[in-house]
Amino acid sequence: MKRSRLLAALAAAALLFAPGCAPDRAPGTLRMAVTEFPRSLDPADGYASWDLMRLGAGECLTRFDRSMTPQPWLAERWTLSPDRLTWTFHLRPGLRFSNGKPLTAEAARASLLRLFGRSVRAHSFFEPAAITADGLALSIRTTRPAPNLPGLLADPLFLLIDAEDAGDIRRTGPVTTGPYRLVSASGDVLRLEANPWYHEGPPPFRRVEAPLVPDPGAAAMTLQTGEADLLPNAGPENLVLFRDTARYHISETATLRSVLARFHAAPGRPLADPRVRAALIAACDRKTYCEVLLDGSFLPGGPAVPPSMDCGFEELADPNPYDPARAARLLDEAGWTDTDGDGIRDKDGRPLALTFLTYPDRPYLPALAEAVQADARAAGIRIDIEVLDYNVLVSRGKEGTWDLLATSILTGSTGDPEVYLNRYWKSGEEGNITGWSSAEYDALSDELASTFDPARRRALLVRMQQILLDDAAALVFGYPKSRMVSAARIAGAEITPADYYWITDQVRPAQES
């Protein structure tokens, strides 16, 4: 199956870049094929801001480092008022938009006000009570404490634009900061040029081109044929094309996603017993799932939060590593034994049978369900798999007619997993459909909501995760990897957990590095 997809991609790429079909590349041009275009180039619409930032045509007040900690970007520093409601961001002096106009606090205020006036999604991050400007000081007062506001403002949605020069922004794009500025969005190519007012000096390339190549396999071939210089989000099935380290560089990182199966632990369910939950986890060879079944495209799982965030991944202890013998002992202790010799454990006349729900949109989920089914069968547990439409899965999840429910969850796009940890495991939260609860976990969550000190927040997040591990609250399969492949003629192309820093001022010709 993989071979047929690869052959199809080769054919598509050959047609796309056959002699006379590929556009000539001017000197000083960086090219990266993209698989989709935004319908609108207004950063307030949908996720157009992500596309702009990925192309080097947008910057925020803050940005994330590799551990998803907010760092200064257009703002050089920030302060918090004693009442913890007003954050003041101090802009770097001398900043200009790509049209040469100064980026002042008043211009930043206009950009944010425009965003909140047009984007419903912006209000899901925080509610501003007031936004004021004084020279280079931009003050944002929130309606309630927002301990992670610097992280919230690092989302591409909050990239700053010249709101006075919006024009036909949905078609032509905004005026922003960043190393490159959009000059053309016609046809099937996005074209950008170097920003002459860029605050870090002349950008490494004079031009950037992003041709539309919808098929991921064909997009991969554009790098192999030399028509492109970068390939973001390279799939594992395409990595065979780029094994020559003299020609290509592969940058790899864990994403912000956790792929896991939640356990239905309500009273009366088999997984209400923590020993059965722990046994099921110990029966599953997650390392083999990630490294063999999924072709090394995942890091093996454990804690609820992936290692891409600084939330104590290396400090946490998983009490349920792969250990089939221990799984058998735990099930024996819980009273589940095979009394009739059919290979399935039973108790009080009832077999240890679990219903596993998942959905097909992410192909690795049904594959993982089948792997769990096989390992569980060896431990004497019967798993019945149901692959459902996602909307049906959501409905079934709320009904409670399940024991395991597998999903792929974005854990912290704003550098903080508080919302994720609350939504799925805090008592009373709409997303906690598991029946699992912990008084200590809830108390820590309550404290986290009003804690601003970074060290204390981190300690709370670590402890909350350890509670989940100790109580076997979920089966975390692993964390998908993200990869960017670049041609050897390019230096500085490194993927980060925040999946929107693709073309930056650090991406440059290799001979200049």
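Residues numbered from 1 in each chain as written. Predicted model: local features only at pLDDT ≥ 70, side-chain atom pairs only at ≥ 80, totals over all residues. Heavy atoms only, no water.

1. Digging into the pairing of strand β10 (residues 207-211)
Here comes step 1: The buried fraction of β10 amounts to four of the five residues, a majority that puts the element mostly inside the structure.
Here comes step 2: With three bridges connecting them, strand β1 (residues 29-31) and β10 associate as parallel partners. Bridging across to β10, L30 finds its partner in V208.
Here comes step 3: As paired strands, strand β9 (residues 189-194) and β10 are joined by five bridges and run antiparallel to one another. Within β10, the residue paired with V189 across the bridge is P211. (Buried < 20%, exposed > 50% of the residue type's maximum accessible area, 1.4 Å probe, protein only. Helix = DSSP H or I, 4+ residues; strand = E, 2+ residues; numbered from the N terminus. Pairing = 2+ DSSP bridges.)

2. Let's talk about the environment of V372
Here comes step 1: For V372, the position within the fold is in helix α11 (residues 364-378).
Here comes step 2: When the C-alpha positions of V372 and I385 are compared, they lie 9.9 Å apart, and in sequence the two are 13 residues distant.
Here comes step 3: Not counting the four nearest positions on each side in its chain, V372 is found in contact with L280, C284, Y289, F356, I383, L475 and F477. (Contact = heavy atoms within 4.5 Å.)

3. A word on the nonpolar core
Here comes step 1: Ranked by size, the top nonpolar core spans 45 residues in total, and within it L280, F356, L404 and F477 carry the most contacts.
Here comes step 2: Elements that contribute at least two residues to this core include exactly β13 (257-263), α8 (274-283), α9 (286-293), α10 (324-333), β17 (353-358), α11, β19 (404-410) and β20 (474-487).
Here comes step 3: If you look at the next biggest cluster of nonpolar residues, it comprises 40 residues, including L52, M68, W425 and Y501. (Core = buried A, V, L, I, M, F, W, Y, C linked by side-chain atoms within 4.5 Å.)

4. What to know about the layout of surface pockets
Here comes step 1: Approximately 480 Å³ is the volume attributed to the second largest pocket.
Here comes step 2: Along the walls of the second largest pocket sit 21 residues, with T69, P70, N148, P454 and R457 positioned nearest its centre.
Here comes step 3: Take the lining of the second largest pocket: its biggest share by element is four residues, from helix α15 (residues 454-470).
Here comes step 4: Split by residue class, the lining of the second largest pocket holds 13 nonpolar, four polar and four charged. (1 Å grid on protein atoms, 1.4 Å probe; cavity = no way out; pocket = protein on both sides within 12 Å on 5 of 7 lines; lining within 4 Å. Points joined across faces, edges and corners; volume = space filled by probe spheres on them. Nonpolar A, V, L, I, M, F, W, Y, C, P; charged D, E, K, R; others polar.)

5. Observations concerning the packing of aromatic side chains
Geometrically, a pair of aromatic rings is defined through the distance of the ring centres and the angle of the planes.
Here comes step 1: This structure, assessed with the given rule, holds 20 aromatic pairs.
Here comes step 2: With centroids separated by 5.2 Å and ring planes inclined at 85 degrees, the aromatic side chains of F125 and F158 adopt a geometry described as edge-to-face. Taken as a pair, F125 in the loop between α4 (120-123) and β6 (128-134) and F158 in the loop between α5 (149-152) and α6 (169-172) lie far apart in primary sequence, 33 residues in all. Comparing F125 with F158 shows no difference in burial state: the two are buried.
Here comes step 3: Within the aromatic cluster, the residues linked to one another by ring pairs are Y47, W50, W73, Y500 and Y501.
Here comes step 4: Its end group placed over the ring of W73, R63 keeps NZ or CZ at 4.7 Å from the ring centre.
Here comes step 5: We note R121 situated over the ring of Y47; from NZ or CZ to the ring centre the distance is 3.9 Å. (Phe/Tyr/Trp six-rings, centres within 6.5 Å; stacked < 30°, edge-to-face > 60°. Lys NZ or Arg CZ within 6 Å of the ring centre and 35° of its normal.)

6. Comments concerning helix α12 (residues 390-399)
Here comes step 1: Every buried residue of α12 is accounted for by L393, R396 and G397. Seen from one end, α12 has its buried residues packed into an arc of 105 degrees, which puts them on one side. Opposite the buried face of α12, by more than 90 degrees, sit the exposed residues N391, K398 and E399.
Here comes step 2: Contacts from the buried residues of α12 go to β17, β18 (382-387) and β19.
Here comes step 3: Among the residues of α12, the N-terminal cap falls to D389, whose side-chain oxygen and the backbone nitrogen of N391 are separated by 3.0 Å.
Here comes step 4: Note on α12: the residue one or two positions beyond its end, G400, has a positive phi of about 85 degrees. (Arc of directions from axis to C-beta. Polar contact = N/O pair within 3.5 Å; in protein donor to acceptor, adjacent residues only side chain to side chain.)

7. Quick word on the sheet that holds β1
The strands making up a sheet associate through hydrogen bonds between their backbones, and the pairing can be parallel or antiparallel.
Here comes step 1: Pairing within the open sheet is mixed, and its four strands lie in the order β1-β10-β9-β8. Strands at the two margins of the open sheet, each flanked by one partner only, are β1 and β8 (180-184). Ignoring which end each strand starts from, the neighbouring axes of this sheet average 30 degrees apart. (Axes fitted to C-alpha atoms, helices over the stretch in contact; angles between N-to-C directions.)

8. So, the pairing of β6
Here comes step 1: As paired strands, β6 and strand β7 (residues 137-142) are joined by six bridges and run antiparallel to one another. Paired with A133 across the bridge in β7 is L138.
Here comes step 2: Joining the antiparallel neighbours β6 and β7 is a turn of two residues, in which G135 adopts a positive phi near 65 degrees.

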